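Observations on the model geometry
Listed below are the residues making up each chain.
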Amino acid sequence: MLVSVAGLGVLNSVVLDTRERVHDLGVCKALGMSPRQTVSLVLASVTGIGVLGGLIGVPTGFALHGFVLPVMGHAAGTDLPPSVLDVYALWQLMLLGLAGLTIALLGALLPATWAAKTRTATALRTE
C-alpha cells in the first residue's frame, strides 16, 4: 500500500511538471525529437529524484528502526533481543534503495507516454 501511495505521488508530481513543460516539449518535438526521446527525457527528469530518495530514505529508515525499536521495548519494560533489531541484510537494503528509483520510473511512465503521444501542434498551442 505504501508503494502504491508513493507511486501515485510521483505520478501526480510528474503529471503537473509535464503539463507545465508541454510547450517546451512541443518545441523539442518540432525540432525533431522522437517519441522515444520524449519518454526518455521525462523519465530522466525523475531518475535523480528516485536515486536521491533511495540514498536518503533507506539509511534514514534504517537508523530510525535502530533507534525507535529499543525505545519502544524499553517503554514496554523489556529489552529486545538482537534478532528483533537486526532484520535487514545488506542486499535487502540495496534492494530497498533501488525501489526508490523503480517507484520514480514507474510513476513517471504514464505522463511520459502522454507527452510522447501529444501532437506537436497541440503542444505548441498551449501556454
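Residues numbered from 1 in each chain as written. Predicted model: local features only at pLDDT ≥ 70, side-chain atom pairs only at ≥ 80, totals over all residues. Heavy atoms only, no water.

**Some points on the packing of aromatic side chains**
According to the stated counting rule, one finds 1 aromatic pair in the structure shown. Sitting over the face of the ring of Trp114, Arg19 holds its NZ or CZ atom 4.6 Å from the ring centroid. (Phe/Tyr/Trp six-rings, centres within 6.5 Å; stacked < 30°, edge-to-face > 60°. Lys NZ or Arg CZ within 6 Å of the ring centre and 35° of its normal.)

**Quick notes on the environment of Val42**
Mapped onto the elements of the fold, Val42 is located in helix H3 (residues 35-75). For the pair Val42 and His65, spaced 23 residues apart in sequence, the C-alpha to C-alpha distance is 34 Å. When sequence neighbours within four positions are dropped, the list of residues in contact with Val42 reads Val14, Thr18, Arg21, Ala108, Ala112 and Ala115. (Helix = DSSP H or I, 4+ residues; strand = E, 2+ residues; numbered from the N terminus. Contact = heavy atoms within 4.5 Å.)

**A few points about helix H2 (residues 22-30)**
Every buried residue of H2 is listed here: Val22, Leu25, Gly26 and Lys29. Down the axis, H2 shows its buried residues gathered within 105 degrees of arc, on one side only. Of the surrounding elements, those touching the buried residues of H2 are helix H1 (2-20), H3, helix H5 (90-117) and helix H6 (120-125). Of the residues trailing H2, Gly32 is marked for its positive phi of about 115 degrees. (Buried < 20%, exposed > 50% of the residue type's maximum accessible area, 1.4 Å probe, protein only. Arc of directions from axis to C-beta.)

**Thoughts on the packing of H2 against H5**
In the contact formed by H2 and H5, the axes pass within 10 Å of each other and the chain directions differ by 50 degrees. Taken together, H2 and H5 sit at an angle that is classed as oblique. Crossing handedness for the pair H2 and H5: right-handed. The residues of H5 that touch H2, namely those facing Val22, Leu25 and Lys29, are Trp114, Ala115, Ala116 and Lys117. Residue composition of the contact of H2 with H5, grouped by class: 5 nonpolar, no polar and 2 charged. (Axes fitted to C-alpha atoms, helices over the stretch in contact; angles between N-to-C directions. Parallel < 35°, antiparallel > 145°, perpendicular 65-115°, else oblique. Left-handed = near helix turned anticlockwise from the far one by under 90°. Nonpolar A, V, L, I, M, F, W, Y, C, P; charged D, E, K, R; others polar.)

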